[in-house]
Amino acid sequence: MRISIRTADSDVEGHMAQRTTPPEWSTGKSPLRHGDVPFRAGTIMLASAVVLLVFAIAWMLYTSSQEARTAFGWDLLFGSAWNPVQTELNPISFGGWPAVRGTLLSACIALIIAAPLAIGIGIYLAELCPISLRTPLSFLVELLAAVPSVIYGVWGVFVFIPFFNTAFATPVSESIGTFLPWFAGPIATGRGLLVTGVILALMILPTIASLTRDVLRLVPNTQREAMLAIGATRWETIWLAVIPYSRAGIIGAIMLGLGRALGETMAATMLVGNTQRISGSLFAPATTAASLVANELTNSVSSLHESALIAVAFALFGITLFLNFGARLLIWYVERNTRGGRS
Amino acid sequence: MSIVTRKIQATMLSLAIASALLLSACSSAPAAVEPTKAPEVAAEATAVPEPTAAPEAPTAEPTKAPEATATTEPTKAPEATATTEPTKAPEATATMAATVAVATKAATKVSAAAPTATEAAAVVADWAPRQLTATLSGSGASFPNPLYQVWISVYKNVVPGVQLSYSSVGSGQGKKDFIAYLTDFGGTDSAISSGDVATQAPDAMHLPMVMGGVMPMVNISGIKTSLKFTPETIAGIYLGAITKWNDPRIIKDNEGVALPDLTITPVYRSDSSGTTSIFTDYLTKVSEDWKSKVGSGSAVSFPAGIGASGNAGVAATVLNTNGAVGYVEVGYALAAGFPLPYVKNAAGNFVKPETANVSAAANGLNISSDPKKLAMSITNSATADAYPIAAFTYVLVRQTTYKDAIKAQALSDYLYWGLTTGQGATVRLGYAPLPEPMRKASMTALKTMVVDGKSVIDAPVK
C-alpha cells in the first residue's frame, strides 16, 4: 500500500520537474483570459445566492415569529410550559425549553455514542483495512448514510425499541436507575431521549466515519514514514502522527454529524414520544425542537401558536448556526496549535 | 402476547393501510388512462351486460353511457356502489371495499349492521352528474381522506372529464388554503372561526359530508373483550389520575374482566389534528377537570402519556405497547382488528361506535336554515343510542364568489354525488353516513351556490 502511494508521489514530482517553462494559462497571455471576468461574476453570483438564501430564511423566521416574541420574550426559549389552548387553570403559554433541551440532549447522546465508533471505523478504513475489503466496506458505510430517516424510525419503533426495552432499559432502570435519576423508570413504551439518541447515533455514524476516512487518507505519507523510521508501532504511528495531523478535519466531520443530529425530524418524531413535559429520566418521553415544529405547524390552533412554533424553529436555526460557528473556532484553534508539529 | 406477535400485528396493520392506499392509487391509474373502459371491467365481474354496450346500447340516451343505464335500471352502473352489493360497483370501490373487508373482518360486521335506509335513499334515479371538463383541487382534513380518495377514484369513471385532487394536509392547513384561494374546496373537521369567516371568507359554507367516530383503542395482552368506559374513566386516564388498569374505577364498569396490575400508557396525537379536536371537545363537555386544566383544540397540552403522529401512528404505538390506550378514528382500530369498546353516553347507556350509533349522534339536531351555519358539535349527544365521541367532517365551498361557472357546476355535481351515491361507500371505510335531515340540509345548502347570480346545480333534494 505504502509503495503504491510513494510511486504516485514521485510520479507527481517527476511531472512537475519536466515543466521548465510555465504553462500558457498561468502567464495571463491566453486569449481565454477574457472569459475570466464573466466567469468570475457568474460564480460570485452563485456563491452570494447561497448567502442570500440563508439571510432570507433567517429574516423570514425572524419576522414570522415577531408576534410570539413580543408576547413571550425569552420564555419562548427557557419557559417550560407549552399550552396552546386557554383554560381556566392553564393560560396560553409557549415555552420551548422542553424542545430545546430535548434537541440538545439527544444530539449530545448521539455524538457521545457515534463519535468514537465512527472515528474507529474511519481509522480502520483508512489505515488498517486490507485493500480488497476497503472498497466494499466504504461503500456499505456510505450506503448507511443514504438510508432515509423514516426507515431508521420504522426500524427503531418495530425492532430496536422492543429490544432496547428488555435488554437495556428495564434492567438499567431497576438497578442504576434506583439511585441515579437519569436512568429512572418506569419504562412504559420505551420512547425517550436515550432511544432517540442511539438511533440518531446510527444515522450520523456513516457521515462522520466516511469523512474521517477521507481526512485520514489526506495525511501525507511522510508523516507515517517518519514515525515508523524511529521505531514506532502501527498503533503509535496512527495515534501520534496521523490523528493529530488530521484533528481539524475530524472535528469538522463530527460537527457535520452534530448538525444532522440536531435537525433530524422524522426519526426523532417517531421515537422521542412527543411530550412537552420535562422529566429527569432519559427513558421518559420528551420532544425535540424539529419534531415539535413538524408536528404542530401544519394545523396550528392560532396565529400566536404558529408564530411560537416559528420562534422555536428560529431557535433551532440559531443553535445550529452557533454550533457551526463554535466548530469553526475550534478548528481554527486546533489547526494553529498543530502547525508547530507534534510528532 | 409476545413481542414477535405484536411486531407481526403491527406490520400487518401498516401493510393493510399501505395496501389500501396503494390500491386506491392503482385503481385510479387505469381509469386515468382509459376512463371509458372502467364500466366494462365492473360488468365483467358481475355479468351485468347493460353498461358494457355503452356507445351502442339500446337505451334512451346512448351518449351518456353509465348514467343512462342508471336511469333506466336503477341497480346498475356507478350508482350500484351505494347499494348493498360491493361487487357491482366500478372496480375502484369494489377492490377498495374488498381490501378493507379482508383487512378488517370486523368491518364487514359493521356494514352488515348498517341501516339500509340511507343506502337505498342514496340512489337518485332522475339525476346524473353533467359530463363537464374541469380541474378541481382541494386540501384539508386527514380524517376523511381515505373516503375522499375512494370517491375521487370512483368519480373518475362517472365523469372522466373532471380531474379531482384532494391532499390530506390537516384541517388547519385546509382552512388556510381555502381562505387564501389556493384550493377550490377545503376539507375540515372543525369550523372556520366566526371571526375569520366574517373577515376573510364571508360566503364560506361548511357542508357536512360524512360522520365519523373516535374511539379509545386498548392493548392489554390477554384481553380481547370490549372494555367499557365512562366519561370519567377516559378523562381520568388522559389526565393521569388513573394510572393502572386494575383501578377500581375501571373495574367497576368491567365486572368479569380480569384486568391486570399494569400501568396505563395513554397515547395521543402529537400532530395537531381534527381527531384531537373531536376527542378533547368531548372531554371538555364531560369533565370539569379536563375543561379547567386542558381544554379543547386541535393540539392541547396533554398532562399524561406519549404522542404519536397520525391516526396510523397512534394505532401502531398502541399495538406495540402493552397497557396502552390511544384515541383513533374508528376505521383505524377496525383495520388493526381491535374490538370496539363501549362508551357510556349522555343517556347513561354503554354503546359501541358502530355505524348506526355514530349516525344517531346527529339525531334530534336543531339544524339551522341558514346554509352557512351547518357546522356544529355533536359530541356527547343526548340521544339514547348515540355514540358520544362523534363528529361531522365538512367540505368548505364558496356560496357566491366562484368565478368559473363550469368549475362550480363540476364541483357541485361531485359534492351532490358524494351526498347521494357516495354515502354508500362510507360504512365499509369505517365512517357513518349522514342522517337524512342533515344530508338534506347539506344538499339544500349546496343548491344555494351561485355564479354571477345564476344557480349552478339543479338537482332534487332527496
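Since this is a predicted model, take the numbers as computed values, not measurements.

Peer 1: Outline the overall build of chain A, listing residues and values.
Peer 2: Counting secondary structure elements, chain A contains 15 helices and 2 strands. Among the 343 residues that make up chain A, the fraction classed as buried is 44%. In chain A, the share of contacts with a sequence separation of at least 24, taken over all contacts with a separation of at least 6, comes to 71%. Approximately 18500 Å² of chain A is accessible, and the part contributed by carbon and sulfur atoms is 70%.

Peer 1: Describe in detail the interface of chain A and chain B, supporting the description with residues and values.
Peer 2: Every contact between the two is made by 30 residues of chain A and, on the other side, 38 residues of chain B. When the two sides are added together, the surface that chain A and chain B hide from each other amounts to roughly 2500 Å², 49% of it contributed by carbon and sulfur. Together, Phe158, Arg277 and Asn299 of chain A form the three largest contributors to the area buried by chain A at its contact with chain B, with a combined 25%. Here chain A is connected to chain B by 1 salt bridge. One salt bridge connects Lys176 of chain B with Glu306 of chain A, and the closest N-O pair in it is separated by 2.8 Å. Taken together, the links from chain A to chain B amount to 14 residue pairs in polar contact (both at pLDDT 80 or more). Ranked by residues supplied to the side of chain A that touches chain B, first place goes to helix α8 (residues 149-174) of chain A with 4 residues.

Peer 1: Requested: an account of the confidence of the model for chain A, with residues and values cited.
Peer 2: Detailed reading of the predicted model is not advised wherever pLDDT is low. All names here are of chain A. In this model, chain A carries an average pLDDT of 86, and 89% of its residues clear a pLDDT of 70 or more. Element-level pLDDT for chain A is lowest in helix α1 (residues 2-18), with a mean of 46, against a maximum mean of 94 in helix α6 (residues 97-128). In this model residues 1-14 is a low-confidence stretch, pLDDT under 50, and it forms 8 contacts with partners more than four residues away in sequence or in other chains.

Peer 1: Can you break down the layout of surface pockets residue by residue, with the values?
Peer 2: The computed volume of the second largest pocket comes to approximately 860 Å³. Forming the walls of the second largest pocket are 35 residues, and the residues nearest its centre are Lys175, Ser190, Ala191, Ile192 and Ser193 of chain B. Going through the elements one at a time, α15 (303-338) of chain A together with α8 (171-179), α9 (194-200), α12 (274-286) and β11 (390-398) of chain B are the ones with two or more residues in the lining of the second largest pocket. Residue classes in the lining of the second largest pocket are distributed as 12 nonpolar, 17 polar and 6 charged.

Peer 1: So what's going on with the environment of Pro285 of chain A? Residues and values would help.
Peer 2: Summarising the element assignment, Pro285 of chain A is placed in the loop between α13 (266-272) and α14 (289-296). Put simply, Pro285 of chain A and Ile187 of chain A are 98 residues apart on the chain and 9.5 Å apart in space, counted from C-alpha to C-alpha. Excluding residues that lie within four positions of it along the chain, Pro285 of chain A makes contacts with Arg191, Gly192, Val272, Gly273, Thr275 and Arg277 of chain A together with Gly305 and Ile306 of chain B.

Peer 1: A description of the packing of aromatic side chains should follow, citing residues and the corresponding values.
Peer 2: Residues and elements named next belong to chain B. Scanning the model with the defined rule gives 32 aromatic pairs over all chains in all. When the ring of Tyr166 is compared with that of Phe185, the centres are 6.3 Å apart and the planes differ by 15°; the resulting orientation is stacked. Linking Tyr166 in strand β2 (residues 162-168) with Phe185 in strand β3 (residues 185-188), this pair joins segments that are 19 residues apart in sequence. Looking at Tyr166, the relative accessible area reads 6%, which means it is buried. Of the residues examined, Phe185 reaches a relative accessible area of 2% and is grouped as buried.

Peer 1: Explain the nonpolar core residue by residue, including any values.
Peer 2: A general trend in soluble globular proteins is that nonpolar side chains are found buried together. With 119 residues, the main nonpolar core has Trp245 and Val397 of chain B as its most contacted residues. The dominant element in this core, judged by the number of residues it contributes, is strand β4 (residues 204-219) of chain B, at 10 residues. Residues Leu111, Ala115, Leu193 and Val219 of chain A belong to the second largest nonpolar core, which totals 59 residues.

Peer 1: So what's going on with unusual backbone geometry? Which residues, and what values?
Peer 2: Residue and element names in this part refer to chain B. Of note in this structure, Tyr181 is not a glycine but carries a positive phi near 60°. Mapped onto the elements, Tyr181 comes out in the loop between α8 and β3. Positive phi is not limited to glycine here, since Asp452 has a value of about 55°. Relative to the helices and strands, Asp452 resides in the loop between β12 (450-451) and β13 (454-455). For Asp452, a relative accessible area of 70% puts it in the exposed group.

Peer 1: Account for the packing of α6 of chain A against helix α9 (residues 193-217) of chain A, with residues named and values stated.
Peer 2: One way to put it is that α6 of chain A packs onto α9 of chain A with a least axis distance of 5 Å and a crossing angle of 35°. When you trace α6 of chain A past α9 of chain A, the crossing you get is right-handed.

Peer 1: Explain the sheet that holds β3 of chain B to me, and be specific about the residues and the numbers.
Peer 2: Residue and element names in this part refer to chain B. Pairing within the open sheet is mixed, and its 8 strands lie in the order β2-β1-β3-β11-β4-β8-β6-β7. Of all strands in the sheet, those bounded by a partner on one side alone are β2 and β7 (306-308). Across the sheet, the mean angle from the axis of one strand to that of its neighbour is 25°, orientation sign disregarded. When strand β6 (residues 265-269) meets strand β8 (residues 324-329), the two strands line up parallel, connected through 3 bridges. Across the sheet, Pro266 pairs through a bridge with Val325, a residue of β8. Packing against the sheet, helix α14 (residues 310-320) makes contact with β4, β6, β7 and β8, and its axis sits at approximately 155° to β8. Against the sheet, helix α18 (residues 436-447) contacts β4 and β11, and its axis sits at roughly 145° relative to β4.

Peer 1: Tell me about the pattern of salt bridges, residues and numbers included.
Peer 2: Under the criterion given, the structure shown has 12 salt bridges over all chains. Notably, a salt bridge pairs Glu142 of chain A with Arg213 of chain A, separated by 3.0 Å at the nearest N-O pair. With a gap of 71 residues between them, Glu142 of chain A in helix α7 (residues 131-146) and Arg213 of chain A in helix α9 connect regions that are remote in the sequence. Accessibility expressed as a relative area gives 37% for Glu142 of chain A, which makes it partly exposed. Two residues, Lys373 of chain B and Asp370 of chain B, come together in a salt bridge whose shortest N-O distance is 3.9 Å. On the basis of relative accessibility, which here comes to 29%, the residue Asp370 of chain B falls in the partly exposed class. Linked by salt bridges that have partners in common, Glu142, Arg213 and Asp214 of chain A make up one network.

Peer 1: Which residues make up the pairing of β2 of chain B, and what values go with them?
Peer 2: In regular strands, side chains alternate between the two faces of the sheet. Residues and elements named next belong to chain B. Pairing between strand β1 (residues 134-140) and β2: 7 bridges, direction parallel. From the neighbouring strand, Ala134 faces β2, where its bridge partner is Val162. With helix α7 (residues 145-158) bridging β1 and its parallel neighbour β2, the resulting β-α-β unit is right-handed.

Peer 1: Go over a nonpolar patch on the surface, please, and point to the residues and values.
Peer 2: On the surface, Val50, Val51, Val54 and Phe55 of chain A cluster together into a nonpolar patch covering about 370 Å² of accessible area. Along the chain, Phe55 of chain A falls in helix α3 (residues 36-64).

Peer 1: Can you break down the sheet that holds strand β10 (residues 350-351) of chain B residue by residue, with the values?
Peer 2: All names here are of chain B. Taken together, 3 strands build an open sheet; the order of strands is β5-β9-β10 and the sheet is mixed. Both edges of this open sheet fall to β5 (228-229) and β10, since each of them pairs with a single strand only. Where strand β9 (residues 342-344) and β10 come together, 2 bridges link them in antiparallel fashion. Within β10, the position partnered with Val343 by the bridge is Val351.

Peer 1: Can you break down the side chain of Asn345 of chain B residue by residue, with the values?
Peer 2: Residue and element names in this part refer to chain B. Mapped onto the elements, Asn345 comes out in the loop between β9 and β10. Of the residues examined, Asn345 reaches a relative accessible area of 5% and is grouped as buried. Among the polar contacts listed, one links the side chain of Asn345 to the backbone nitrogen of Ala347, at a separation of 3.0 Å. Among the polar contacts made by the side chain of Asn345, one reaches the main-chain carbonyl oxygen of Ala384 at a distance of 2.8 Å. Filtering out sequence-adjacent residues up to four positions away, Asn345 remains in contact with Val351, Thr383, Ala384, Asp385, Ala386 and Pro388.

Quick notes on the rules
Residues numbered from 1 in each chain as written. Chains lettered and ligands numbered in written order. Predicted model: local features only at pLDDT ≥ 70, side-chain atom pairs only at ≥ 80, totals over all residues. Heavy atoms only, no water. Helix = DSSP H or I, 4+ residues; strand = E, 2+ residues; numbered from the N terminus. Buried < 20%, exposed > 50% of the residue type's maximum accessible area, 1.4 Å probe, protein only. Contact = heavy atoms within 4.5 Å. Areas by Shrake-Rupley, 256 points an atom, 1.4 Å probe, with all protein chains shown as cover. Buried area = accessible area lost by both parts, 1.4 Å probe. Salt bridge = Lys/Arg side-chain N within 4 Å of Asp/Glu carboxyl O. Polar contact = N/O pair within 3.5 Å; in protein donor to acceptor, adjacent residues only side chain to side chain. pLDDT = per-residue confidence, 0-100. 1 Å grid on protein atoms, 1.4 Å probe; cavity = no way out; pocket = protein on both sides within 12 Å on 5 of 7 lines; lining within 4 Å. Points joined across faces, edges and corners; volume = space filled by probe spheres on them. Nonpolar A, V, L, I, M, F, W, Y, C, P; charged D, E, K, R; others polar. Phe/Tyr/Trp six-rings, centres within 6.5 Å; stacked < 30°, edge-to-face > 60°. Core = buried A, V, L, I, M, F, W, Y, C linked by side-chain atoms within 4.5 Å. Axes fitted to C-alpha atoms, helices over the stretch in contact; angles between N-to-C directions. Left-handed = near helix turned anticlockwise from the far one by under 90°. Pairing = 2+ DSSP bridges. Right-handed = clockwise from strand over helix to strand, strands pointing away. Patch = residues over 30% accessible without salt bridge, like charges linked within 9 Å, V, L, I, M, F, W, Y side chains within 5 Å.

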